[in-house]
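Reading the structure
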Amino acid sequence: LDEAATLLGGMPRQRLVVWAHASLDDFSASTCGTSWSQAFYDGVLHVVVVGDTLDPALLQSARHESLHAQLGSLSPLAPRWLHEGLAQRFAGEPFDPATPVAQFSSAEVRAIDQDLGLGNDGPTAGAAYGRARLAVEQLVRRSGEGAFAEAVRALHAGTPASSRPEHLGFAH
């Protein structure tokens, strides 16, 4: 949480409840989470811990979800595209730096947010997840990682999440 707080320009959360599930079945039943994830954040950080060691995939998933916890604490209204793209980057999820990063417009960034919403099918949400990462990479290439703290400050000050793409430099 300290690293996430530093990235986002805020104080670390005072507390984070972690619920360790003994199996993926227990995790899925408790969270209605996906079968491919080992961690999930819904106000509580749920993790699947089988045995005595934490494998690298679990650590990566927990890091991803801890970014959601910290961003949610600092800016409860942060848009989904920022949550998901930034969580992927923070967790060190695979991304080829040589990947050409599309130049998203503000409307395209808003569409990512819609596609990450509840009720969308897996392929739609999965594609949006990848586009969210590309939008965050576009932001980093243009403005550096300081743009994340700027976004949090603006959202905390009351800037509507719907207008964030323009404030972050995504073209109309």
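Scroll up a little and you will see the structure.
Below or above, wherever it landed, is the structure these notes cover. (Residues numbered from 1 in each chain as written. Predicted model: local features only at pLDDT ≥ 70, side-chain atom pairs only at ≥ 80, totals over all residues. Heavy atoms only, no water.)

1. With respect to the overall build of the chain
Across its full length, the chain holds 8 helices and 3 strands. Shown N-terminal to C-terminal, the secondary structure of the chain runs as helices and strands in the order α-β-α-β-β-α-α-α-α-α-α. Taken over C-alpha atoms, the radius of gyration comes to 16 Å for the chain, in line with the 16 Å a tight globule of 172 residues would show. Viewed in the frame of its principal axes, the chain has a C-alpha envelope of about 50 × 35 × 30 Å. Nonlocal contacts in the chain, meaning residues at least 24 apart in sequence, comprise 65% of its contacts between residues at least 6 apart. (Helix = DSSP H or I, 4+ residues; strand = E, 2+ residues; numbered from the N terminus. Rg over C-alpha atoms; globule rule 2.2 N^0.38 Å. Contact = heavy atoms within 4.5 Å.)

2. Comments concerning the environment of L82
Considering the arrangement of structural elements, one finds L82 in helix α4 (residues 80-91). Classification of L82 by relative accessible area gives buried; the value is 2%. Expressed as a C-alpha distance, the spacing of L82 and G117, which sit 35 residues apart in the sequence, is 13 Å. When neighbours within four sequence positions are excluded, L82 is seen to be in contact with A87, V136, F148 and A151. (Buried < 20%, exposed > 50% of the residue type's maximum accessible area, 1.4 Å probe, protein only.)

3. A few points about the packing of helix α3 (residues 56-74) against α4
Packed helix pairs are specified by the crossing angle of their axes together with the interaxial distance, meaning the distance between the axes. For the pair α3 and α4, the least separation of the axes is 8 Å and the interaxial angle reads 135 degrees. With respect to their mutual orientation, α3 and α4 come out oblique. Viewed along their axes, α3 and α4 form a crossing whose handedness is right-handed. The segment α3 lies against α4, with Q60, R63, H64, S66, L67, H68, L71 and G72 engaging H83, E84, L86, A87, Q88, F90 and A91. Tallied by class, the residues present in the contact of α3 with α4 amount to 6 nonpolar, 7 polar and 2 charged. (Axes fitted to C-alpha atoms, helices over the stretch in contact; angles between N-to-C directions. Parallel < 35°, antiparallel > 145°, perpendicular 65-115°, else oblique. Left-handed = near helix turned anticlockwise from the far one by under 90°. Nonpolar A, V, L, I, M, F, W, Y, C, P; charged D, E, K, R; others polar.)

4. Some points on the sheet that holds strand β1 (residues 18-21)
Pairing is mixed across the open sheet formed by 3 strands, whose spatial order is β1-β3-β2. Across the chains shown, the open sheet's two edge strands, defined by having one partner strand only, are β1 and β2 (39-41). Ignoring which end each strand starts from, the neighbouring axes of this sheet average 15 degrees apart. Looking at chain direction, β2 and strand β3 (residues 45-48) are connected through 3 bridges and run antiparallel. Pairing of Y41 across the sheet is with L45, part of β3. Against the sheet, α3 makes contact with β2 and β3, and its axis sits at roughly 5 degrees relative to β2, the strand it touches most. (Pairing = 2+ DSSP bridges.)

5. Brief notes about the pairing of β3
Burial along β3 is two-sided: L45 and V47 facing one way and H46 and V48 facing the other are all buried. Taken together, the 4 bridges between β1 and β3 define a ladder with parallel strand orientation. Looking at the pairing, W19 lines up with H46 of β3. Here β2 hands over to β3 after 3 residues, with G43 in that stretch at a positive phi of 105 degrees.

6. Re the packing of aromatic side chains
Think of a pair of aromatic rings as described by two things: how far the centres are apart, and how the planes are tilted against each other in angle. Summed over the entire model, instances satisfying the criterion amount to 0 aromatic pairs. Across from the ring centre of F90, 3.8 Å away, lies the NZ or CZ of R63, which sits over that ring. (Phe/Tyr/Trp six-rings, centres within 6.5 Å; stacked < 30°, edge-to-face > 60°. Lys NZ or Arg CZ within 6 Å of the ring centre and 35° of its normal.)

7. Here we look at the side chain of S75
By the secondary structure assignment, S75 is in the loop between α3 and α4. Ignoring any residue separated from it by four or fewer positions in sequence, one finds S75 in contact with V152 and L155.

8. Comments concerning the nonpolar core
Counting 29 residues, the largest nonpolar core has L8, L67, W81, I112, F148 and F170 as the members making the most contacts within it. The set of elements that each furnish at least two residues to this core consists of α1 (2-8), α3, α4, α5 (106-115), α6 (122-143) and α7 (146-156). The dominant element in this core, judged by the number of residues it contributes, is α6, at 6 residues. L45, V47, L58 and A62 belong to the second largest nonpolar core, which has 5 residues in total. (Core = buried A, V, L, I, M, F, W, Y, C linked by side-chain atoms within 4.5 Å.)

Purely geometric stuff here, so don't read any function into it on its own.
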